[in-house]
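Residue-level structure breakdown
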Amino acid sequence: MTFSKTILITGGAGFIGSHVVRRFVNNYPNYHIINLDKLTYAGNLENIKDIEHQPNYSFERADITELEQIRQLFQQYQFDAVIHLAAESHVDRSITDPLIFVKTNVLGTGTLLQVAKENWKDNYEDKRFYHVSTDEVYGSLGDEGFFTEETPYDPRSPYSASKASSDHLVRAFYHTYHLPVVLSNCSNNYGSFHFPEKLIPLFINNIRLMKPLPVYGQGVNVRDWLWVEDHASAIDVIFHKGRVGETYNIGGHNEWKNIDLVKLLCRLMDEKLDRPAGTSEQLITYVKDRAGHDMRYAIDATKLKEELGWMPSLQFEEGLSKTIDWYLSNQTWLDNVTSGAYQKYYEEQYQIA
Ligand code: NAD
Ligand code: TYD
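These remarks concern the structure in this document. (Residues numbered from 1 in each chain as written. Chains lettered and ligands numbered in written order. Predicted model: local features only at pLDDT ≥ 70, side-chain atom pairs only at ≥ 80, totals over all residues. Heavy atoms only, no water.)

What follows concerns the nonpolar core. Residues Leu213, Leu320 and Ile324 are the most contacted members of the largest nonpolar core, which totals 36 residues. Elements that contribute at least two residues to this core include exactly helix 6 (199-208), strand 8 (213-216), strand 9 (222-227), helix 8 (258-272), helix 10 (316-329), helix 11 (331-337) and helix 12 (341-350). If one sorts the elements of this core by residue count, helix 8 sits on top with eight residues. Leave out the neighbours within four places in its chain, and Leu320 touches Tyr190, Ile200, Leu261, Leu264, Leu265 and Leu268. Within the second largest apolar cluster, 30 residues are counted, among which are Val21, Tyr130, Val182 and Leu308. (Core = buried A, V, L, I, M, F, W, Y, C linked by side-chain atoms within 4.5 Å. Buried < 20%, exposed > 50% of the residue type's maximum accessible area, 1.4 Å probe, protein only. Helix = DSSP H or I, 4+ residues; strand = E, 2+ residues; numbered from the N terminus. Contact = heavy atoms within 4.5 Å.)

Secondary-structure assignment places Asp63 in the loop between strand 3 (57-61) and helix 2 (67-77). Polar contacts involving the side chain of Asp63 include one to the side chain of Lys38, which spans 3.3 Å. A distance of 2.8 Å separates a polar side-chain atom of Asp63 from the backbone nitrogen of Thr65. Setting aside chain neighbours within four positions, we find Asp63 in contact with Lys38, Gln69 and Ile70. (Polar contact = N/O pair within 3.5 Å; in protein donor to acceptor, adjacent residues only side chain to side chain.)

With that settled, the discussion passes to the environment of Glu197. Inspection of the secondary structure assignment puts Glu197 in the loop between strand 7 (188-190) and helix 6. Assessed through its relative accessible area of 3%, Glu197 is described here as buried. Separated by 145 residues in the primary sequence, Glu197 and Tyr342 place their C-alpha atoms 8.6 Å from one another. Look past the residues within four positions of Glu197 in its chain and what remains in contact with it is Tyr41, His90, Arg93, Leu202, Tyr342, Tyr345 and Tyr350.

A separate point is the sheet that holds strand 6 (residues 181-186). In sheet architecture, strand pairing relies on hydrogen bonds along the backbone and comes in two forms, parallel and antiparallel. Taken in spatial order, the seven strands line up as 3-2-1-4-5-6-10 in an open sheet, and their pairing is parallel. For this open sheet the edge positions go to strand 3 and strand 10 (247-250), each flanked by a neighbour on one side alone. The sheet shows a mean angle of 20 degrees between the axes of neighbouring strands, taken without regard to direction. Direction of pairing for strand 5 (residues 128-134) relative to strand 6: parallel, over a ladder of six bridges. The residue bridging Thr134 from the neighbouring strand is Cys186, located in strand 6. Relative to strand 5, helix 5 (residues 158-177) is tilted by about 155 degrees, and along the sheet it contacts strand 5, strand 6 and strand 10. (Pairing = 2+ DSSP bridges. Axes fitted to C-alpha atoms, helices over the stretch in contact; angles between N-to-C directions.)

Written as structure tokens, this is what we have:
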């Protein structure tokens, strides 16, 4: 079979990557999609089981920090494009163990850039290196204002600092070597296949098991939530139509104070689980705040909307309701990913079993 493009997607066994891989494999049968993933604790081939036998899909277990492995895969497949999502992605883990974030997010991105440059240097035509990043690189907002593409970088956690470093490297390869890059910085995602260490899937899992809901500090921090499939649709648009060298912010104007979001989640889950109203709220437990906890994130996605015509498709309550339904229909997935090493992480992070 001949394909019009061969695309390397990194981190495709993780949360967002699995949605991006599924979208590209299903929507573009002419593209050969190679999903490269190390399968860390956060990577799970169950997340993409539905497409594993598609003729335009291949999986490679590899580590983005291993230069020779990446060189060998570029040789083997002759990639036309890279969509780079592989990363260490959890702020709390970055506070406990910052160096793995430096290694994966900085060295790993540098390795991919270097090998792409080595392979494409004679001909950048129709080549593209798409780097997927986060709004957390912009730092923390007060009550007012939004992050735009011009907001100066001010990362404050080891996670966001490592992502900021990777963004700088991507831009440096553009300015220095003219590597045809494009970047996006997205707000917090939610949806299916989200590892239950992050707020929404963790709390859905705990509510179903009637376990405490550990809200950090006073629960007043604000996050701007976007349905993961809307992030994948934005990546699709930016990959195909975004201008080389540009950055696009992605977000859905959907800010929630943590405690309000947790209460909404509790209400919806009581309804879905047929529990008396108020049952899940009783599980809310205020715990020690996260060190250096960013107060507020909020994205201005005007550029993406005006230049490329992207809009989110779902309202939050609808998306959250669909998301809860997915976890309740896939409790075996939750049981599987929360067995073993997850238990140890949970006990160390929250000092409660
Ligand atoms: P995730 O932790 O669910 O998945 C990360 C994936 O990367 C996993 O499959 C893991 O096995 C893989 N991986 C880790 N180290 C690797 C290595 N050395 N080599 C190869 N693969 C490796 O993360 P996610 O939430 O899906 O985030 C994906 C990307 O999107 C990240 O770059 C993240 O910074 C960015 N992002 C995430 C959010 C969010 O809300 N989750 C928001 C904006 C941007
Ligand atoms: P998280 O899902 O870890 O995403 P991020 O820190 O990248 O925004 O956390 C979202 C918000 O929820 C953040 O303000 C921290 C808070 N939070 C809790 O209150 N309790 C928890 O157990 C977790 C994991 C997060």
